[in-house]
Amino acid sequence: MTDIGKQTMHIHNKEVVYVSAPSNLGLKPMPYADIDGPGVRKMPAIFEEFSFRSRLNIQQSHTIVPPEYTGKVDDKTGIRNLPELIDYTKQYAQVIKEIVAQKQFPIVIGGDCSILIGSMLALRQSGNYGLIHIDGHTDYAIAKISSSTGGAAGMDLAIVTGIGDDAITNIDSLKPYVNETNTAQLANRCYDETFNGNFYNTAIFSADLPVLRKKGLIKTANAVIAKLKNNKVDGVWLHVDADVLSTDLMPAVDSPQADGLTYKELKTMLKTFIKSGLVVGFQITIYDPDLDPDKSIGKKLVDELVDLFQQV
């Protein structure tokens, strides 16, 4: 737990390091966005404005600036911004790898979900790690048929588990970046086949939102923890897409849907996972300040995450 005002924040005796990853390379162009592309790149700025780091006494920070957004779709793979995405993935992965190697705990503020590729590449370079993917979508789209029209943010779970073109799935010949059996996807509420692909035929632990609520959030989280411990992973990366939240609470996302988790539900799961001791890093993505003119949605998100990390 953080001792506010007295010491640098630690989680499980690891110093917490803040990482800003303001990439929008994994999204298609948005009609409301400016010339620099989708506004998720502004997400870390909102976290700075509402003093996320200082409220948690996080002393160390890194910012990984992405290449320029072009929006171009690669002819061969069907993936948008592919060269830029690969370059950014490698650069970002190096930072995460070094933080984890130093026995520190990264909290990453995106950006879009494609930063997950770099997170898992970093951990694949470091050992045998697992992934807990908490998202309102499975993000298991295949580029050529994806509703995300080439956006890797809708394919990130498929990519990190080895599905897709080798250009992005097999960087440094490390495919897959995480094994299906070491992966869990929780709280999906999108059943569009163009988003889900072959997801339901994989070995990935899955609990869609109705199943998650029926079986119980803590019970399901503990089942995931037990499975990953039994698999003897070196640790687990914890990914949250803000669109997993109820659209009433978080409408400032590119793919809003009906229903979704409350903050209480989300934080209940996150606390269970973090307190297990397995989690080695955390990231949150997809909140778009361009869809939040008065910044009230962003402020609420920051407040809730500050509260979460003050309790773990």
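Provided above is the structure to which this section pertains.
No experiment lies behind these values; they were computed from the predicted model shown.

Caption draft 1: Spotlight on helix 3 (residues 82–101). Relative to the 28 Å expected for 20 residues at 1.5 Å per residue, helix 3 spans 28 Å between its end C-alpha atoms, a close match to the ideal helical length. Burial in helix 3 covers these residues: Leu82, Glu84, Leu85, Ile86, Tyr88, Thr89, Tyr92, Ala93, Val95, Ile96, Ile99 and Val100. Immediately downstream of helix 3, the backbone of Lys103 shows phi near 60°, a positive value.

Caption draft 2: Seen up close, the nonpolar core. Judged by nonpolar contacts, the single largest core of 64 residues is most densely connected at Phe52, Ile134, Phe273 and Phe309. Sort the elements by how many residues they give to this core and helix 11 (residues 296–310) lands first, with seven residues. Counting residues in each nonpolar core, the second largest holds 45 residues, with Tyr92, Ala93, Ile171 and Phe199 among its members.

Caption draft 3: Examining the pattern of salt bridges more closely. Counted according to the given criterion, the structure contains 15 salt bridges. Across the salt bridge formed by Lys299 and Asp303, the nearest N and O atoms sit 2.8 Å from each other. With Lys299 and Asp303 both in helix 11, this residue pair falls four residues apart, about one helical turn. By relative accessible area, which is 38% here, Lys299 ends up partly exposed. Where Lys300 meets Glu304, a salt bridge forms, and the shortest distance between an N and an O atom there is 2.7 Å. Note that Lys300 and Glu304 are positioned in helix 11 at a spacing of four residues, about one turn of the helix. Residues participating in the shared-partner salt-bridge network are Asp34, Asp36, Arg41, Lys42 and Asp290.

Caption draft 4: Geometry of the pairing of strand 2 (residues 14–21). Here strand 2 lies mainly inside the structure; seven of its eight residues are buried. Between strand 1 (residues 10–11) and strand 2, which follow one another and run antiparallel, lie two residues, and His12 among them has a positive phi close to 55°. As paired strands, strand 2 and strand 4 (residues 105–110) are joined by six bridges and run parallel to one another. When the bridges of strand 4 are listed, Tyr18 appears paired with Ile107. Bridge count between strand 2 and strand 3 (residues 60–63): four bridges; the pairing is parallel. Following the sheet pairing, Ser20 is matched in strand 3 by Thr63.

Caption draft 5: Representation of the packing of helix 9 (residues 217–230) against helix 10 (residues 263–275) within the structure. Running from amino to carboxyl end, helix 9 crosses helix 10 at an angle of 30°, the nearest separation of the two axes being 9 Å. The orientation of helix 9 with respect to helix 10, classified from their angle, is roughly parallel. Viewed along their axes, helix 9 and helix 10 form a crossing whose handedness is right-handed. Listed contacts from helix 10 to Leu217, Ile218, Ala221, Asn222, Val224 and Ile225 of helix 9 are Glu265, Thr268, Met269, Thr272 and Phe273. Of the residues contributing to the contact of helix 9 with helix 10, the split by class is seven nonpolar, three polar and one charged.

Caption draft 6: Region of the structure containing helix 11. Taking 1.5 Å per residue as the helical rise, helix 11 with its 15 residues ought to reach 21 Å, and the 21 Å between its terminal C-alpha atoms agrees with that figure. Every buried residue of helix 11 is listed here: Ile297, Gly298, Leu301, Val302, Glu304, Leu305, Val306, Leu308 and Phe309. Elements in contact with the buried residues of helix 11: strand 1, helix 1 (43–49), helix 2 (52–55), strand 4, helix 10 and strand 9 (279–285).

Analysis parameters
Residues numbered from 1 in each chain as written. Predicted model: local features only at pLDDT ≥ 70, side-chain atom pairs only at ≥ 80, totals over all residues. Heavy atoms only, no water. Helix = DSSP H or I, 4+ residues; strand = E, 2+ residues; numbered from the N terminus. Expected span 1.5 Å × (residues − 1). Buried < 20%, exposed > 50% of the residue type's maximum accessible area, 1.4 Å probe, protein only. Core = buried A, V, L, I, M, F, W, Y, C linked by side-chain atoms within 4.5 Å. Salt bridge = Lys/Arg side-chain N within 4 Å of Asp/Glu carboxyl O. Pairing = 2+ DSSP bridges. Axes fitted to C-alpha atoms, helices over the stretch in contact; angles between N-to-C directions. Parallel < 35°, antiparallel > 145°, perpendicular 65-115°, else oblique. Left-handed = near helix turned anticlockwise from the far one by under 90°. Contact = heavy atoms within 4.5 Å. Nonpolar A, V, L, I, M, F, W, Y, C, P; charged D, E, K, R; others polar.

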